Amino acid sequence: MGAGRDKEKSRALYTAEERVRRDESVWTIVQGVLAPVQFLVFLVSLGLVLRTLMSGEGAFAADVSIVVKTLVLYTIMITGSIWEKVVFGKWLFAPSFFWEDVFSMLVLALHTLYLVMLFGSYGTLEQRMLVALAAYSAYIINAGQFLWKLRMARLEGANAPQAVPA
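Residues numbered from 1 in each chain as written. Predicted model: local features only at pLDDT ≥ 70, side-chain atom pairs only at ≥ 80, totals over all residues. Heavy atoms only, no water.

Describing the overall build of the chain
If you tally the helices and strands in the chain, you get 6 helices and 0 strands. Each helix and strand of the chain, ordered N terminal to C terminal, gives the series α-α-α-α-α-α. Contacts spanning at least 24 positions in sequence make up 71% of the contacts within the chain whose residues lie at least 6 apart. Accessible area for the chain stands at about 9,900 Å²; split by element, carbon and sulfur atoms hold 70% of it. (Helix = DSSP H or I, 4+ residues; strand = E, 2+ residues; numbered from the N terminus. Contact = heavy atoms within 4.5 Å. Areas by Shrake-Rupley, 256 points an atom, 1.4 Å probe, with all protein chains shown as cover.)

Printed below as a string of structure tokens:
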């Protein structure tokens, strides 16, 4: 293993100061609310997209659900970048969440491509739905990345020194 990889493994997800900022930020709560909302919207939309692809029915409902999913995604990305700025001092690509942010850009790009296809009347219905499925596949991977980091943060928090009252 290279020295860079060892250094990366030894770096804590949050410094003590970052942990305090994270715990005191309203944006942490916002992210905690938006993430499950986005997942529920995703599940409903996924069902509608699959129904449309399998039966050809419900295209309008599928399109509306994908637009809603995309708007929720944009919202969580904007509020997430504010959270990152508050906690780490960077709008995006803080070392602790660098690869999650990189993959988030792919998720955003695929959702945006879907919107371009929909509102620009590019491609067929099937092509548009397949782009949505690609976006949703990337979203699942990205959500997994964030869940992994949440688990790491909880494990780190359990091992972090606790303040002792004077």
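What about the nonpolar core?
Soluble globular proteins: nonpolar side chains tend toward being buried together. Counting residues in each nonpolar core, the largest one holds 24 residues, and the members touching the most others are Val-49, Ile-66, Leu-73, Tyr-114, Met-129 and Tyr-136. Residue assignment for this core shows that the elements contributing at least two residues are α3 (26–55), α4 (59–88), α5 (98–120) and α6 (125–159). Counting residues per element, this core draws most heavily on α6, which supplies 8 residues. Not counting chain neighbours up to four residues away, the residues in contact with Val-49 comprise Ala-62, Ile-66, Met-129, Leu-133 and Tyr-136. In this structure, Leu-13, Trp-83, Ala-94 and Ala-153 belong to the second largest nonpolar core, which totals 8 residues. (Core = buried A, V, L, I, M, F, W, Y, C linked by side-chain atoms within 4.5 Å. Buried < 20%, exposed > 50% of the residue type's maximum accessible area, 1.4 Å probe, protein only.)

Topic: α5
For α5, with 23 residues, the first-to-last C-alpha span of 32 Å sits near the 33 Å given by 1.5 Å per residue. Residues of α5 that are buried include every one of Glu-100, Asp-101, Ser-104, Val-107, Leu-108, Leu-110, His-111, Tyr-114, Leu-115, Met-117 and Leu-118, and no others. At the C-terminal side of α5, Ser-121 shows a positive phi close to 55 degrees. (Expected span 1.5 Å × (residues − 1).)

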